[in-house]
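Letter by letter, the chains look like this.
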Amino acid sequence: MTILAMDQGTTSSRALVFRDDLTVQATAQHEFPQHFPRSGWVEHEPGDIWTSSAGTARAAIEKAGAPRIDAIGITNQRETVVIWDRNTGEPIHRAIVWQDRRTAEICDRLRDEGVEDQVTDTTGLLLDPYFSATKIGWLLNHVDGARDRARAGELAFGTIDSFLIWKLTGGRSHVTDATNASRTLLYDIRKGEWSDDMCRLFGVPRELLPEVRDSADDFGTTRADLFGREIPILGVAGDQQAATVGQACFQPGMMKSTYGTGCFALLNTGDQAVRSQNRLLTTIAYRLDGKTTYALEGSIFIAGAVVQWLRDGLKLIREAKETQALSEQADDSQQVVMVPAFTGLGAPHWSPNARGAVFGLTRNTGPAEFARAALESVGFQTRDLLEAMRADWPQAGDAVLRVDGGMTASEPAMQFLSDILGAPVDRPKNTETTAQGAAWLAGYRAGLCPAPDEYARAWQLDRRFEPAMSDKDRDRRYSAWQRAVQAVLSV
């Protein structure tokens with residue numbers, strides 16, 4: 001058994017070939033350009049997404065020795081919007097990325113009209129430009145003729161998974177899965193269907209929308225010319241939900257946090273769609289065999305991206321891996337706090353217009369203090385999320401946090417995370433949990449992978465980080481962070 005996982009992210013496309021025991025046989029990765037037409041706007045060329053995804057898939061298969069691929073699983077950056085012509089497959093505009101804030105005023109207007117409670121009751125989400133619906137509306141209103149063409153059924157909308165499936169199948173499948181649908185502001189997460197009320201509210205014609213399927217399901221077969229033969233696509237999940245599956249968080253109360261470009265923490269709440277009182281999101285964790293499992297989610301927009309800023313913006317480092325060593329040189333007497341609100345603040349604050357700031361600067365502050373403050377900002381933001389989760393769902397109080405993503409390789413960052421949370425943090429042996437989750441979904445559908453309980457028993461711990469910071473220091477440092485956030489929100 002061999003499974004190909006296609007992991008399409010915000011800054012790069014990756015592909016991994018998994019053996020029958022779900023260990024990685026080969027990988028390939030390709031970064032692609034980011035486009036920032038205006039302040040707060042973020043776009044991708046759909047052609048770059050497609051060519052990098054197809055190219056890395058071929059490269060990974062070749063590195064693995066060209067084995068027979070039995071199934072494909074797809075995981076993807078969520079909320080990002082593509083609209084394309086059904087006949088030609090050509091996009092009508094660049095993809096509008098989940099980080100994009102151009103529709104903030106639309107969200108403010110709808111909030112002022114008093115519709116946010118209705119939106120949250122139906123979709124589990126908040127009115128924020130982060131999600132897909134207002135991005136779709138913007139494209140329909142700003143691309144000549146797009147709205148009329150959408151109503152006529154000439155155009156198709158998809159999150160990145162749907163766009164890739166369309167391309168992989170040669171336009172034969174216009175589908176998505178429940179986890180990606182649940183991030184659009186258009187999907188009724190309790191009824192498990194597109195909401196006519198939400199479509200009317202956001203001005204999105206139903207004719208644009210893909211069919212929604214389980215996370216482990218039949219999504220079509222690839223064109224034979226892509227990989228030498230037709231291959232079934234059997235697993236799809238948004239990146240954070242795929243990581244939840246990859247971390248085997250199948251039981252209510254289990255939590256995971258993924259540290260990539262952003263940071264996303266999910267708490268499994270079982271068959272309960274818990275309505276947050278602390279501005280967290282109620283979302284679909286996965287849907288298997290027609291049964292929906294829900295989660296509370298907190299989203300941080302800037303995690304690994306703050307390291308990219310140190311490298312590309314401030315030119316303090318040449319490679320991301322230099323951050324750890326630089327941070328260890330920081331002066332312990334300085335308490336520099338960085339709030340990386342480069343594209344607003346996510347949960348639990350949800351302030352799209354907030355902007356970043358650094359506090360506690362002195363004449364002695366230098367690159368090392370900036371590096372440490374950048375890494376620590378991720379821990380502080382994670383605590384904000386977990387405090388809100390514990391308030392919404394007290395059963396999560398003593399849970400261990402499972403972590404994954406590129407930043408988890410930093411020992412100081414993970415130790416600080418445990419310190420500031422005052423709770424254990426578990427890092428798995430396999431940190432490719434997002435891609436592994438997609439691979440397991442495909443293998444489960446194909447009958448090649450074990451059931452959830454058996455799969456969960458195979459999860460392996462690499463290291464548990466235990467809190468070593470005193471309660472006094474923890475409270476003092478978190479209070480300084482809270483003051484810094486309030487200062488940013490007050491500007």
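Everything numeric here is computed off the predicted structure, so don't read it as measured data.

(A) Highlighting the sheet that holds strand β1 (residues 3–8). Reading across the sheet, the five strands line up as β3-β2-β1-β5-β13 and stay open at both edges, with mixed pairing between neighbours. For this open sheet the edge positions go to β3 (24–31) and β13 (233–238), each flanked by a neighbour on one side alone. In this sheet, adjacent strand axes meet at a mean angle of 15 degrees when their direction is disregarded. In this structure, β1 lies alongside strand β5 (residues 71–76), joined through six bridges in parallel fashion. Its bridge partner lying in β5, Met 6 is registered against Ile 74. Contacts between helix α15 (residues 433–446) and the sheet are confined to β1, β2 (12–18), β5 and β13, with β13 contributing the most and set at about 140 degrees to the helix.

(B) Region of interest: the nonpolar core. If you look at the biggest cluster of nonpolar residues, it comprises 105 residues, and the most contacted ones within it are Ile 83, Ile 136, Leu 186, Phe 202 and Leu 208. Top element by residues in this core is helix α13 (residues 367–392). It accounts for twelve residues. Counting 34 residues, the second largest nonpolar core, distinct from the first, contains Val 17, Ile 49, Ala 64 and Phe 227.

(C) Quick look at the sheet that holds strand β20 (residues 401–404). The seven strands are arranged β16-β17-β15-β14-β20-β21-β22 in an open sheet whose pairing can be described as mixed. This sheet does not close on itself; its edge strands, each paired only once, are β16 (281–288) and β22 (461–465). Mean inter-strand twist for the sheet, computed between neighbouring axes without regard to direction, equals 30 degrees. Here five bridges tie strand β14 (residues 255–259) to strand β15 (residues 263–270), and the two strands are oriented antiparallel to one another. Note that in β15 the partner of Tyr 259 across the bridge is Cys 263. With respect to the sheet, α13 is in contact with β14, β15, β17 (291–300) and β20, its orientation differing from that of β17 by roughly 135 degrees. Against the sheet, helix α14 (residues 411–421) touches β14, β20, β21 (425–428) and β22, its axis set at about 50 degrees to β22.

(D) Looking closely at the UniProt feature "binding site: sn-glycerol 3-phosphate" (unreviewed entry) in the chain. The UniProt record marks Thr 10, Arg 78, Glu 79, Tyr 130 and Asp 239 with the feature "binding site: sn-glycerol 3-phosphate" (unreviewed entry), using the residue numbering of this structure. Residue class for Thr 10 comes out buried when judged on its relative accessible area of 8%. If sequence neighbours within four positions are ignored, Thr 10 has contacts with Phe 32, Gln 34, His 44, Gln 77, Val 97, Trp 98, Gln 99 and Thr 261. Looking at where Asp 239 falls in the secondary structure, it is placed in helix α10 (residues 239–246). Asp 239 gets classed as buried once you look at its relative accessible area, which sits at 16%. In contact with Asp 239, other than residues within four places in its own chain, are Thr 75, Asn 76, Gln 77, Arg 78 and Thr 434.

(E) Quick peek at the pairing of β13. By the criterion of burial, β13 is predominantly enclosed, with six of the six residues buried. For β5 and β13, the ladder comprises five bridges, and the chain directions are parallel. Bridging from a neighbouring strand, Ile 72 pairs with Ile 233 of β13.

(F) Expanded view of the UniProt feature "binding site: glycerol" (unreviewed entry) in the chain. This chain's UniProt record puts "binding site: glycerol" (unreviewed entry) on Arg 78, Glu 79, Tyr 130, Asp 239 and Gln 240. Looking at the secondary structure, you find Arg 78 in the loop between β5 and β6 (82–85). Relative accessible area serves as the criterion here: at 2%, Arg 78 is assigned to the buried category. Setting aside residues up to four positions removed in sequence, Arg 78 forms contacts with Trp 98, Tyr 130, Asn 180, Arg 183, Gly 238, Asp 239, Gln 240, Gln 241, Phe 264 and Glu 297.

(G) Highlighting the pairing of β3. As defined by bridge partners, β2 adjoins β3 across seven bridges and the pair is classed as antiparallel. Directly across from Leu 16, in β3, lies its bridge partner Thr 27. Remark: five residues form the turn of the hairpin made by β2 and β3, two consecutive strands paired antiparallel; Leu 22 in that turn has positive phi of roughly 60 degrees.

(H) Summary view of the packing of α10 against α15. Remark: α10 packs on α15, axes separated minimally by 7 Å, with the N-to-C direction vectors making an angle of 80 degrees. Relative to α15, the element α10 is oriented roughly perpendicular. Between α10 and α15, the residues in contact are Asp 239, Ala 242, Ala 243, Val 245 and Gly 246 and Thr 433, Thr 434, Gln 436, Gly 437, Ala 438, Trp 440 and Leu 441, respectively. Among the residues making up the contact of α10 with α15, the classes are represented as six nonpolar, five polar and one charged.

About the thresholds
- Residues numbered from 1 in each chain as written.
- Predicted model: local features only at pLDDT ≥ 70, side-chain atom pairs only at ≥ 80, totals over all residues.
- Heavy atoms only, no water.
- Pairing = 2+ DSSP bridges.
- Helix = DSSP H or I, 4+ residues; strand = E, 2+ residues; numbered from the N terminus.
- Axes fitted to C-alpha atoms, helices over the stretch in contact; angles between N-to-C directions.
- Contact = heavy atoms within 4.5 Å.
- Core = buried A, V, L, I, M, F, W, Y, C linked by side-chain atoms within 4.5 Å.
- Buried < 20%, exposed > 50% of the residue type's maximum accessible area, 1.4 Å probe, protein only.
- UniProt positions renumbered as here; feature names shortened; annotations may be inferred.
- Parallel < 35°, antiparallel > 145°, perpendicular 65-115°, else oblique.
- Nonpolar A, V, L, I, M, F, W, Y, C, P; charged D, E, K, R; others polar.

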